[in-house]
Amino acid sequence: MPKVFPELHSSPVIHKLPKPILTKDDIPYDAALVFNAGVIKHEGKYLMVFRDDYGTDEQSFSPEHRFKGIKLGIAVSDNGIDGWKVWEKPLIDSVDITDSEVQRFYDPRITKIDGKLYLCLAMDTGHGIRGCVAALNDSLDGFELLSVSVPDNRNMVLFPEKIGGLYVRLERPFPVYGRGDIDRFDLWLSKSPDLRFWGEHALVLGVEDVPYVNDKIGPAAPPVKTEKGWLTTFHAVDRDKSRGKNGWEPTWDKRYSAGIMLLDKDDPSKVLGMSKMPLIAPDLPFETDAGFRQNVIFPGGMILEDSGEVKIYYGASDTVECVATADVGDLLALCTEKR
């Protein structure tokens, strides 16, 4: 399925690499789709935790098979762009899960807080999708679940420091009835004293606040701190039933783009500004014309370099992992310009 209409374009301040930085061909074990990774800088290198799941044949994504062989893998790079070295063993393989209620972990987001690495994960269970916060062990070969939400909640990301003495996360609950439409999902915030118990829930951004969306929004990469506030990406979905089928669903009429906003440094439930146009939209051939589920962009990691360059890591077409760059000043300007 090629580019869909009405067309959306990435912001002129965004510079995409012309090809993905990680694909299934880079993985030393059986892999099918490699995307939606979390990325941070750790011990002088760039550390990626990526999602590898499904296959592209009918049997692989049938309901009875699609939770088998799903993995979270680890890759490391010296410069965050190329030369990614994938660890020989995945962080977790779904075939090793012993809890009969848990089907898989996926969509990892990684954050460092006070020198400790944490993951936010989605977890499919026999009774719904739950969001998790986990602590990675020092050898990066396992993790401890600290908290698991009730269904249905996901796309959680942690802020990289406490705010007002509390841990803070962004999340996207998805109530079927609460908003009147099946996919009318918004972006929320919650707080915790210990990463285990979460409360003080607050709405951050509603679907109706984003001009290029008619379906749902939610968190993307963990926010990064700037002198003006928390620079924050979010995923943004529009849909059109004329777009046809793609992926394992009976129909696929969605397009995923990425937006950007600025949150208050001391009260991140307050939006200081937001670009009225997408930051990153599917517009390269491997984002629109190839892959398992086309016209999908989903950021999972964002790194602010000392030079002012921002690296934004994103999955494309639910198939490959990519990176785009921008200047932090340009991104802040998008969030504060008057329209």
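Structure: see above.
Values in this document were obtained by computation on a predicted structure and should not be read as measured data. (Residues numbered from 1 in each chain as written. Predicted model: local features only at pLDDT ≥ 70, side-chain atom pairs only at ≥ 80, totals over all residues. Heavy atoms only, no water.)

### Some details on the overall build of the chain
Applied cut-off: Each helix is a run of H or I in the DSSP string that is no shorter than four residues. Each strand is a run of E no shorter than two, and both are numbered from the N terminus. Two things to know: the radius of gyration comes from C-alpha atoms, and the globule rule equals 2.2 Å times the number of residues to the power 0.38. Buried means the residue's accessible area, taken with a 1.4 Å probe over protein chains only, is under 20% of the maximum for its type, while exposed means over 50%, and partly exposed covers the values in between. In this analysis, two residues are considered to be in contact whenever any of their non-hydrogen atoms come within 4.5 Å of each other. Per-residue accessibility takes into account occlusion by the displayed protein chains alone, with areas from the Shrake-Rupley method and a 1.4 Å probe. Neither His nor the chain ends is counted toward charge; the positive residues are Lys and Arg and the negative residues Asp and Glu. Every charge is mapped onto a representative atom, which is NZ of Lys, CZ of Arg, CG of Asp or CD of Glu.
Within the chain, the regular secondary structure consists of two helices and 22 strands. What you see for the chain is a C-alpha radius of gyration of 18 Å, in line with the 20 Å of a compact globule of 339 residues. With the principal axes as the frame, the chain shows a C-alpha extent of 50 × 45 × 45 Å. When burial is assessed residue by residue, the chain has 59% of its 339 residues classed as buried. Contacts in the chain between residues at least 24 apart in sequence constitute 56% of all its contacts with a sequence separation of at least 6. Counting only carbon and sulfur atoms, one obtains 51% of the accessible surface of the chain, whose full area is about 14200 Å². Both charge centroids of the chain, one from 41 positive and one from 53 negative side chains, sit 2 Å from each other.

### Structural notes on the side chain of serine 317
Counted only if it meets this: For the purposes of these results, a polar contact is taken to be a pair of N or O atoms within 3.5 Å, where, inside protein, one atom must be able to donate a hydrogen and its partner to accept one; residues adjacent in sequence count only when each atom of the pair is a side-chain atom.
Among the secondary structure elements, serine 317 is positioned in the loop between strand 21 (309-316) and strand 22 (320-327). By relative accessible area, which is 0% here, serine 317 ends up buried. A polar atom in the side chain of serine 317 sits 3.1 Å from the backbone oxygen of phenylalanine 286.

### A short note on the sheet that holds strand 7 (residues 102-113)
This is how the line gets drawn: Strands qualify as paired when DSSP identifies two bridges or more between them. Helix axes use the C-alpha atoms of the stretch in contact, all axes being lines fitted to C-alpha atoms, and the angles between their N-to-C directions lie in the range 0 to 180 degrees.
Sheet architecture is open: four strands sit in the order 7-8-9-10, paired in antiparallel fashion. Single-partner strands in this sheet number two, and they are strand 7 and strand 10 (143-148). Strand-to-strand twist of the sheet, defined as the mean angle between neighbouring strand axes without regard to direction, takes the value 30°. Strand direction decides the pairing type here: strand 9 (residues 128-136) and strand 10, joined by five bridges, are antiparallel. Note on strand 10: the bridge partner recorded for cysteine 132 is valine 148.

### Here we look at unusual backbone geometry
Following phenylalanine 5, the chain continues into proline 6 via a peptide bond in cis, with omega recorded as 0°. Mapped onto the elements, proline 6 comes out in the segment before strand 1 (15-16). The step from proline 151 to aspartate 152 runs through a cis peptide bond, and the omega angle for that step is -5°. Mapped onto the elements, aspartate 152 comes out in the loop between strand 10 and strand 11 (153-158). One non-glycine residue with positive phi stands out, namely aspartate 114, at about 50°. Within the secondary structure, aspartate 114 is located in the loop between strand 7 and strand 8 (116-125). Residue classification places aspartate 114 among the exposed positions, given a relative accessible area of 73%.

### Quick look at the pairing of strand 13 (residues 187-192)
Examined bridge by bridge, strand 12 (residues 167-173) and strand 13 share five bridges and lie antiparallel to one another. If you follow arginine 169 over to strand 13, its bridge partner there is serine 190. Bridge count for strand 13 against strand 14 (residues 199-205) is four bridges, and the pairing is antiparallel. Looking across to strand 14, one finds that lysine 191 is bridged to glycine 199. Turn length for the strand 13-strand 14 hairpin, with the two strands adjacent in sequence and antiparallel, is six residues, and the turn residue leucine 195 shows positive phi of about 70°.

### Observations concerning the nonpolar core
We count it as follows: The definition of a nonpolar core used throughout is a set of buried Ala, Val, Leu, Ile, Met, Phe, Trp, Tyr and Cys residues joined through side-chain atoms within 4.5 Å.
Ile14, Leu231, Leu279, Ile280, Ile312, Tyr314 and Leu331 are the most contacted members of the largest nonpolar core, which totals 26 residues. Secondary structure elements with two or more residues in this core: strand 18 (254-263), strand 20 (297-304), strand 21, strand 22 and helix 2 (328-336). No other element matches the five residues that helix 2 contributes to this core. By size, the runner-up hydrophobic cluster in this structure holds 22 residues, among which are Val207, Val213, Met261 and Ala281.

### Considerations on the pairing of strand 11
Regular strands place their side chains on alternate faces of the sheet. Within strand 11, six of the six residues are buried, which leaves the element mostly enclosed by the surrounding structure. With four bridges joining them, strand 11 and strand 12 adopt antiparallel strand pairing. Pairing of valine 157 across the sheet is with leucine 170, part of strand 12.

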